[in-house]
Amino acid sequence: MEVDVLKKVPVSEQDPKIRATNFDEVNLGYTKDEAVLEASRCLTCKNARCINGCPVNINIPAFIAKVKEGDVAGAYEVISQSSALPAVCGRVCPQETQCEAQCIRGIKGEAVSIGRLERFVADTAKEMGIKPSLPADMVKKNKKVAVIGAGPSGLTCAGDLAKMGYDVTIFEALHKAGGVLVYGIPEFRLPKEKVVAKEVENVKALGVNIVTDAVIGRALTIDDLFEKEGFSAVFVGSGAGLPRFMNIPGEQSLGVFSANEYLTRSNLMGAFSEDSRTPIMRAKKAVIVGGGNVAMDAARTAKRLGAEVHVVYRRSEAELPARVEEVHHAKEEGIIFDLLTNPVEIIADENSWVTGCKCIRMELGEPDASGRRSPVEVPGSEFLIECDAVIMSLGTSPNPLIKTTTSGLETNKRGGIIVNESEMTTREGVFAGGDAVTGAATVILAMGAGKSAAKGIDEYLSNKG
Amino acid sequence: MFEIVAKKQLGTNVWYMEVVAPLVAGKAMPGQFLIVRADEEGERIPLTVCDYDREKGIVTIVYATVGAETERMSRLNVGDRFADIVGPLGRPSDLVDLPIEELKKKKILFIAGGVGTAPVYNQLKWLHENGVEVDCIQGARTKDLLILEDEMKAVTKNLYFATDDGSYGIHGNVCVALQQLWDEGIRYDHCVVIGPVIMMKFACQLTKKLGIPTVVSMNTIMVDGTGMCGACRLLVGGEVKFCCVDGPEFDGWEVDFDQAMQRSRLYKTEEGRLMLKLKEGDTHHGGCGVCS
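Residues numbered from 1 in each chain as written. Chains lettered and ligands numbered in written order. Predicted model: local features only at pLDDT ≥ 70, side-chain atom pairs only at ≥ 80, totals over all residues.

Would you take a moment to explain unusual backbone geometry for this structure?
The phi torsion of most residues other than glycine is negative, and most of the peptide bonds are trans. Residue B:P88 is bonded to the preceding B:G87 through a cis peptide linkage, with omega at -5°. With respect to the element layout, B:P88 can be found in strand β7 (residues 84-89). In the segment running from B:G247 into B:P248, the intervening peptide bond is cis, with an omega of 10°. The backbone of A:N57 sits at a positive phi, close to 50°, despite the residue not being glycine. Of note, A:N57 is situated in the loop between α3 (49-53) and α4 (60-68). For A:N142, which is not glycine, the phi dihedral falls at a positive 55°. (Helix = DSSP H or I, 4+ residues; strand = E, 2+ residues; numbered from the N terminus.)

Quick question: what am I supposed to make of helix α9 (residues 114-127) of chain A here?
Think of an α-helix as turning once every 3.6 residues; residues three or four places apart then point the same way. Residue and element names in this part refer to chain A. Here α9 contains 14 residues, and its C-alpha end-to-end distance of 20 Å stays within 8% of the 20 Å for a straight helix at 1.5 Å per residue. Of all the 14 residues making up α9, 12 are buried; the element is thus mostly covered by neighbouring parts of the structure. Among the residues of α9, those classed as buried are I114, G115, R116, L117, E118, R119, F120, V121, A122, D123, T124 and A125. Considering only its buried residues, α9 is in contact with α2 (32-39), α3, α4, α5 (72-80), α6 (86-92) and α7 (99-102). (Expected span 1.5 Å × (residues − 1). Buried ≥ 20, exposed ≤ 12 C-beta atoms within 10 Å, placed from the backbone. Contact = placed C-beta atoms within 7 Å.)

Explain the domain arrangement of chain B to me, please; I cannot follow it from the model alone.
Often, the extent of an interface is quoted as the loss of accessible area upon association of its parts. Residue and element names in this part refer to chain B. With domains assigned, chain B is organised as domain 1 (4-89) and domain 2 (94-217). For domain 1 and domain 2, the distance between their C-alpha centroids amounts to 23 Å. On the domain 2 side, the residues contacting the 14 residues of domain 1 number 15 residues. In terms of residue count, the dominant contributor to the side of domain 1 that touches domain 2 is strand β6 (residues 58-64) (three residues). In terms of residue class, the side of domain 1 that touches domain 2 is made up of nine nonpolar, four polar and one charged. (Domains from an automatic or database assignment. Nonpolar A, V, L, I, M, F, W, Y, C, P; charged D, E, K, R; others polar.)

Quick question: what am I supposed to make of the sheet that holds strand β3 (residues 33-37) of chain B here?
Residue and element names in this part refer to chain B. Taken in spatial order, the three strands make up an open sheet running β4-β3-β7, and their pairing is antiparallel. The open sheet has two edge strands, β4 (45-48) and β7, and neither has a second partner. Each strand axis lies, on average, 25° off the axis of its neighbour in the sheet, ignoring direction. Note: β3 against β4, four bridges, orientation antiparallel. Residue pairing across strands places V36 opposite I45, the latter belonging to β4. (Pairing = 2+ DSSP bridges. Axes fitted to C-alpha atoms, helices over the stretch in contact; angles between N-to-C directions.)

What should I look at first to understand the packing of helix α6 (residues 174-183) of chain B against helix α7 (residues 197-210) of chain B in this one?
A pair of packed helices is characterised by two quantities: the angle between their axes and the separation of those axes. Residue and element names in this part refer to chain B. Look at α6 against α7: their axes get within 9 Å of each other, and the N-to-C directions meet at 20°. In terms of orientation, α6 lies roughly parallel with respect to α7. The crossing of α6 and α7 is right-handed. Residues V174, C175, L178, Q179 and W182 of α6 pack against M199, F202, A203, L206 and L210 of α7. Considering only residue class, the contact of α6 with α7 consists of nine nonpolar, one polar and no charged. (Parallel < 35°, antiparallel > 145°, perpendicular 65-115°, else oblique. Left-handed = near helix turned anticlockwise from the far one by under 90°.)

Set out below in structure tokens:
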């Protein structure tokens, strides 16, 4: 195979026309030859900037060097030292703004495709039956740590603590472990059985106990975990909370959903399958409001369920918060982007079923505090998009459950739990990370926080003696 | 976990089950609910808690078979296990936070309709155990649909029955019964209504007219039940509230019941198809062609 060192080795993808009708994975991943070839583009920098670009600081040049040699097991071992969920991260991390943004190759050409290589290593290791193992020199600490939420931050924190010798139990509110990886991100981006369930199994293989159907704040409080259940520290990784709505007329009509509800039905409950016993609305024409990754997931799900899909976003393409790759994939699949457009009212028939979404055109004004140019309505530019479903993807506000049932836990004005540099909250022995702290963010940032909290918990418990 | 240890049929379509669920039984309070999944492919179904035994780790659920999932649940027997039971969910009733002495001074009326009797029983039992005696109107279309009669009698001061067809107790619905009591000079200063949405709507119209502050318990569409998906939203006093974390109990004078009834119809077509498929089994695709 000829290689243009300035360009990434391309990866095979399902044809857009075909994949828009199924829920199989879009990106098919590198073959071994492709992976070795891509790995050969890595310059193995001594002062590797990519490592600093990674929220969990994977030793990227070291694992890529192993791929170059064809040593997948070795590469997996390197990654496992830093990441509990490589098959997930290789798929859903925004590498273009993290590790790959730092790559020296990116100055003259395209960065090394670190994400695809990570995925290749994780998937191949899985096929080879390789599991992460506890360090040989690990000493049992005989201390119990509770982790609330089996999402990216919780699984990472739990895995790291188990490797340090702690006795870790994760309490998960849903019936399945994985958090946003199972309820939020669709099958076609992140296969549930093949990838997420296996990563969860790997965390369990480190000795972590996962209790599902356990809502902390209700079934047990954080006080109970300390006083009755004998835990010495608690990590709160309960994720983001209630979906936001626009508070426009007609929003209670039948056919208006939050992206969280729509995606949870499809992903966690498997409603995309005809055999599912959980219902989902199969819209003919759906309007997705918002421009983030969740909006892209909802749009691409609606498309696969048979709808003509319009993404309505109030700013322009340059401001879309979604990853460029997601937007690109969505466009390839035939999703229509109505940019600089904002809904003002949802129209429904006499039985309250949605028949349309009244929108107004927007134009960009002066940059606001966040540096983004804020959109302003163009007077008199209202128009109607006929549709039978509107899916609101406007982000979430924090879940009040843990805060209201735990004394001494302070939150900021947006409701996020306040933590210090060790991820400890205002309550001694209680740590937190992920969306519960930051508000809606990415899987990898949550993992980074989980990792940092594991370190913080270890320091805290070691000093306590 | 989640083993069924007792099962009874309370009416034509109404079932009673005692289930091992220590995490729920350990903390459940009157007013809260739980979510069950019948099996690994099951939908998540919210149900009110009828009773709990903290020591034995057992919760009691009472439900009507209104769709395919509850129909499946009703086919489980003693010794079978649910795939999942999670809870307690939602906020406990505001009544349990009031000082007992204050509760004793109040003249409280409960109005229970259909399987709404189950969550009412849970509250009545708690009040009774704390020495607070209250009245209750229990309503149903007909006598056969009145459930838990003996249990309800044991925990109320006065228990009145109302049947639409006059087959038992007062002839008429719960509003007719309340008006009759009111006309007889019986007065209340707090009312809790739990039952079908249409019943709660009309009961609240009446209590508002009579000036009795009223609390209702809403049973909306839900998925996770923990404040994540937003499926359970409803309008209370013109504001969007989430039944699973802000409720399930709300000020009955402020709830938009018409909107709640509309939202409850969202998946009726899909649910109807699933029910037919379950009941008709292999003969389901027999040729009507509607859902081929």
